[in-house]
Amino acid sequence: QKEVEQNSGPLSVPEGAIASLNCTYSDRVSQSFFWYRQYSGKSPELIMSIYSNGDKEDGRFTAQLNKASQYVSLLIRDSQPSDSATYLCAVSSTDKLIFGTGTRLQVFP
Amino acid sequence: EAQVTQNPRYLITVTGKKLTVTCSQNMNHEYMSWYRQDPGLGLRQIYYSMNVEVTDKGDVPEGYKVSRKEKRNFPLILESPSPNQTSLYFCASRQGVRAFFGQGTRLTVV
């Protein structure tokens, strides 16, 4: 079992819709959770971090964490074509930061 | 501007010819690391360093070396590159658990 799992996609949504990206992790002691956005050929860019159960909102982005289910998600409201990218889930416990393989999101006009 | 700088951005080399990819950060971060990214495999950690003169293996260290003689620099060394080291490489530095990435180095070994 991979330590951080994501569906590779692509996830295709129309412009203006809500995109929902999901991630599960295996290490129960994980404390910090991150979503990075990566455009093709570019470096990952941190867009959200979440540390406690529940929802955290930042603009059009909402991160959701459920530690009991070992599940973290990212919602993107009012999706725009510029949101088309690969979204990487990352999980941290002690000194390690472990990345999922990413979900490719396509937002079509 | 806070940043992590890698050089070169693109490199094509031949099997067996030693090369170094440089990485420098200006944020005074203690923790630095190298990742490689391959299709379907995501970001995999090669080596990391928690402070000057302290380095340790990540998940895929074979064929790579690193050094950390000063806090800001963390070069990645390929003593004898092979085609299976063709990949996209990222250097990152960390403040706590938040990682900042360099622009990436696309390496092709022929």
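Details of the structure are given in the entry above.
All values reported here derive from a predicted model rather than from experimental measurement.

Chemist: Before we move on, can you summarise the overall build of chain A with the specific residues and values?
Modeler: Secondary structure assignment for chain A yields zero helices and 11 strands. For chain A, the C-alpha radius of gyration of 13 Å lies close to 13 Å, the compact-globule estimate for 109 residues. The dimensions of chain A, computed from C-alpha atoms along their principal axes, are 40 × 30 × 20 Å. Contacts in chain A between residues far apart in sequence, at least 24 positions, make up 54% of those at least 6 positions apart. For chain A, the exposed area adds up to about 5200 Å²; of that, 47% sits on carbon and sulfur atoms.

Chemist: An account of the pairing of strand 1 (residues 4-7) of chain B is requested, with residue identities and associated values reported.
Modeler: All names here are of chain B. Residues Val4 and Gln6 line the buried face of strand 1, whereas the alternating positions Thr5 and Asn7 sit on a face that is not buried. Across four bridges, strand 1 lies against strand 3 (residues 19-25) in antiparallel orientation. When the sheet's bridge partners are listed, valine 4 is paired in strand 3 with glutamine 25.

Chemist: Which residues make up the nonpolar core, and what are the values?
Modeler: Core analysis: the largest hydrophobic core is formed by 24 residues, its most contacted members being A:Trp35, A:Val72, A:Leu74, A:Ile76 and A:Tyr87. Those elements that provide at least two residues to this core are strand 3 (19-25), strand 4 (32-38), strand 5 (45-50), strand 7 (61-66), strand 8 (71-76), strand 9 (85-93) and strand 11 (103-108) of chain A. If near-sequence neighbours (up to four positions away) are discounted, A:Ile76 is found in contact with A:Ala17, A:Ile18, A:Ala19, A:Leu21, A:Arg60, A:Phe61, A:Asp83, A:Tyr87 and A:Leu105. Grouped together as the second largest cluster of nonpolar side chains are 19 residues, B:Leu19, B:Cys23, B:Ile46 and B:Val109 included.

Chemist: Account for the pattern of salt bridges, naming residues and giving values.
Modeler: Tallying each qualifying case throughout the model produces seven salt bridges over all chains. Here A:Glu45 ties to A:Arg37 by a salt bridge, and the two come within 3.0 Å at their closest N and O atoms. Under the relative-accessibility criterion, A:Glu45 is labelled partly exposed at 38%. Given a relative accessible area of 13%, A:Arg37 falls into the buried group. It is possible to trace a salt-bridge network through shared partners that takes in B:Lys18, B:Lys65 and B:Glu79.

Chemist: Can you lay out the state of the cysteines for me, pointing to particular residues and giving the numbers?
Modeler: Within the structure shown, the criterion is met by two disulfides over all chains. The disulfide partner of A:Cys23 is A:Cys89, and the S-S distance across this bridge is 2.1 Å. With the S-S bond torsion at -70°, the cross-link from A:Cys23 to A:Cys89 turns out left-handed. In this pair, A:Cys23 sits in strand 3 while A:Cys89 sits in strand 9, placing the two residues 66 residues apart along the sequence. Paired through a disulfide, B:Cys23 and B:Cys91 show a sulfur-sulfur distance of 1.8 Å. Here B:Cys23 and B:Cys91 share a disulfide; its torsion about the S-S bond, -70°, makes the bridge left-handed. Of this pair, B:Cys23 sits in strand 3 while B:Cys91 is found in strand 9 (residues 87-95), placing the two residues 68 residues apart along the sequence. Note on B:Cys23: relative accessible area 3%, which makes it buried. Taking relative accessible area as the criterion, B:Cys91 reaches 0% and is therefore assigned buried.

Chemist: Explain the layout of surface pockets residue by residue, including any values.
Modeler: Here the largest pocket is characterised by a volume of approximately 460 Å³. Along the walls of the largest pocket sit 22 residues, with A:Gln38, A:Thr86, B:Gln37, B:Asp38 and B:Pro39 positioned nearest its centre. Those elements that place two or more of their residues in the lining of the largest pocket are strand 9 and strand 11 of chain A together with strand 4 (31-38) and strand 9 of chain B. In terms of residue count, strand 9 of chain A provides more of the lining of the largest pocket than any other element does, three residues in total.

Cut-off values and rules
- Residues numbered from 1 in each chain as written.
- Chains lettered and ligands numbered in written order.
- Predicted model: local features only at pLDDT ≥ 70, side-chain atom pairs only at ≥ 80, totals over all residues.
- Heavy atoms only, no water.
- Helix = DSSP H or I, 4+ residues; strand = E, 2+ residues; numbered from the N terminus.
- Rg over C-alpha atoms; globule rule 2.2 N^0.38 Å.
- Contact = heavy atoms within 4.5 Å.
- Areas by Shrake-Rupley, 256 points an atom, 1.4 Å probe, with all protein chains shown as cover.
- Buried < 20%, exposed > 50% of the residue type's maximum accessible area, 1.4 Å probe, protein only.
- Pairing = 2+ DSSP bridges.
- Core = buried A, V, L, I, M, F, W, Y, C linked by side-chain atoms within 4.5 Å.
- Salt bridge = Lys/Arg side-chain N within 4 Å of Asp/Glu carboxyl O.
- Disulfide = S-S within 2.5 Å.
- 1 Å grid on protein atoms, 1.4 Å probe; cavity = no way out; pocket = protein on both sides within 12 Å on 5 of 7 lines; lining within 4 Å.
- Points joined across faces, edges and corners; volume = space filled by probe spheres on them.

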